[in-house]
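# Chain and residue survey
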Amino acid sequence: MEEDEFIGEKTFQRCCAEFIKHSQQIGDSWEWKLSKDCSDGYMCKIHFQIKNEPVMSHPETFTHGQTCLPMEEAFELPSDDCEVIEAPAASQVIKYEYHVLYSCSYQVPVLYFRASFLDGRPLTLKDIWEGVHECYKTRLLQGPWDTITQQEHPILGQPFFVLHPCKTNEFMTPVLKNSRKINKNVNYITSWLSIVGPVVGLNLPLSYAKATSQDERNVD
Amino acid sequence: MIVVEKFGHLVTGTQAYIHLLLPRVSYLTLVTDKVKKHFQKVMRQEDISEIWFEYEGTPLKWHYPIGLLFDLLASSSALPWNITVHFKSFPEKDLLHCPSKDAIEAHFMSCMKEADALKHKSQVINEMQKKDHKQLWMGLQNDRFDQFWAINRKLMEYPAEENGFRYIPFRIYQTTTERPFIQKLFRPVAADGQLHTLGDLLKEVCPSAVAPEDGEKKNQVMIHGIEPMLETPLQWLSEHLSYPDNFLHISIIPQPTD
């Protein structure tokens, strides 16, 4: 009997579908992309960021089981469009691409990402690392992630950066066990992405948590 | 296998070629120190940045075993395998960077860990000490078969009550698809206890690769330069024909027309 919580591929796809449904409702730009042979797919989001701005201005931690704080409405997480800056130099704009894939070997989701300037020049691992908020740098170096490495995207075949999946269960198991204890429904993808995303500049508005509907079944 | 590496840019004449015998089971950037040194002698320092390899216009992925690259891209051509070496214009969109030997080791160990996740839920590899992991890597790097297998044999065992691994680590490669490889969960033993064969695997995960019963054979199914019989049990192939990273790297290539 396994102690760790894994998710099957079908559950992964179902959680992604729910996630994307909410994304569409709030104008976040997550999409589902099918592989060319249509046998599987992944979630994808593109957003643009001005270089040298802190990638995250509000390092928010998102924990399940907490009731919504009354102040949460006041937090405006950075949206995709940079509404505050006037006409940034094109050379300073960075395109971030985030892909959520399923790893059948580890039976968990994996976050792939890459970044490039508008002229196509990719950011190096060093550049990416510089964009990671200080508080996450320490945590990243301590684990449970095995740092960020460059790997081949299993569906596109191109180089991406990856947060290694082998320790995912270490932080997901307590989250899922706790949510079962308090009898709250959980979207695995929402929980997981809210934990790993901020490390690499990807933030989730809190409304994703509230979106987990009453009639959603528990994770298998 | 002999490789002739012709330098594509600034060097001409006899200095432009170097012949090497490359191990099928290793990786390009691990075995080409001689190449780097050779060309560094005849080129200006400022002309040299990260080395990369190319065959007939296709950048070669250093993180794939050499034998896999050859089977997939060049097995139907005559030897020697003419690879072009580059020191400029690294193709960022196509190739992973290989900043050091440590990067190759990290990649190799990552593949081994993934293979064991499939075979044993990572139990065997996680129980090993760091020095055992190091011994696997050193065995590969220094071409020490016994050193490597002293540790690797533990990764080839399975519980007495089972008939094989939990799932078989495999990847199927074809040049005709955008997708770099097919990898799925596949058990070596069927529910009725029968051992699954290579043919069973292909029928399940890559049906287009296998010709219909009465049809003409369209493709070669190649591992390590040979075509195992489709009736071969997959468990046996996994134990005996895996690469050092414990994966079966299988190439599907068009049947050559002689």
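None of the values given here were measured: they were computed from a predicted structure.

Another aspect to go through is the overall build of chain A. A tally of regular secondary structure across chain A gives six helices and six strands. The linear arrangement of helices and strands in chain A, starting from the amino end, is α-β-β-β-β-α-α-β-β-α-α-α. When burial is assessed residue by residue, chain A has 48% of its 220 residues classed as buried. In chain A, 66% of the contacts between residues at least 6 apart in sequence involve partners at least 24 apart. Carbon together with sulfur atoms contributes 53% to the accessible area of chain A, which is approximately 11200 Å² in total.

Glancing now at the packing of helix 6 (residues 130-141) of chain B against helix 7 (residues 145-155) of chain B. All names here are of chain B. Two elements in contact, helix 6 and helix 7, have axes whose closest approach is 8 Å; the angle formed by their N-to-C orientations is 125°. Here helix 7 runs oblique to helix 6, going by the angle between their axes. The two elements helix 6 and helix 7 meet at a crossing, and its hand is left-handed. In this structure, helix 6 contributes D132, Q135, L136, M138, G139 and L140 to the contact, and helix 7 contributes Q147, F148, A150, I151, N152, K154 and L155.

This next bit is on the interface of chain A and chain B. Of the residues lining the interface, 23 residues belong to chain A; the matching set on chain B comes to 23 residues. For the chain A and chain B pair, buried surface summed over both sides reaches about 1900 Å², with 47% attributable to carbon and sulfur atoms. Considering only the surface of chain A that becomes buried against chain B, A:C104, A:S105 and A:E152 emerge as the three largest contributors, covering 27% of it. Linking chain A to chain B there are four salt bridges. Note that A:E152 and B:K61 form a salt bridge whose closest N and O atoms lie 2.4 Å from each other. When residues of the side of chain A that touches chain B are assigned to their parent elements, the largest contribution, three residues, is made by strand 5 (residues 148-152) of chain A.

Residues and elements named next belong to chain B. The mixed open sheet is built from three strands, whose spatial order is 6-8-7. Each of the sheet's edge strands pairs with one partner strand only, and the pair in question is strand 6 (170-173) and strand 7 (219-222). Geometrically, the sheet is characterised by an average inter-axis angle of 15° between neighbouring strands, direction not taken into account. Sheet strands touched by helix 8 (residues 198-205): strand 6, strand 7 and strand 8 (248-254). Its angle to strand 6, the strand with the most contacts, is close to 65°.

How each quantity is defined
Residues numbered from 1 in each chain as written. Chains lettered and ligands numbered in written order. Predicted model: local features only at pLDDT ≥ 70, side-chain atom pairs only at ≥ 80, totals over all residues. Heavy atoms only, no water. Helix = DSSP H or I, 4+ residues; strand = E, 2+ residues; numbered from the N terminus. Buried < 20%, exposed > 50% of the residue type's maximum accessible area, 1.4 Å probe, protein only. Contact = heavy atoms within 4.5 Å. Areas by Shrake-Rupley, 256 points an atom, 1.4 Å probe, with all protein chains shown as cover. Axes fitted to C-alpha atoms, helices over the stretch in contact; angles between N-to-C directions. Parallel < 35°, antiparallel > 145°, perpendicular 65-115°, else oblique. Left-handed = near helix turned anticlockwise from the far one by under 90°. Buried area = accessible area lost by both parts, 1.4 Å probe. Salt bridge = Lys/Arg side-chain N within 4 Å of Asp/Glu carboxyl O. Pairing = 2+ DSSP bridges.

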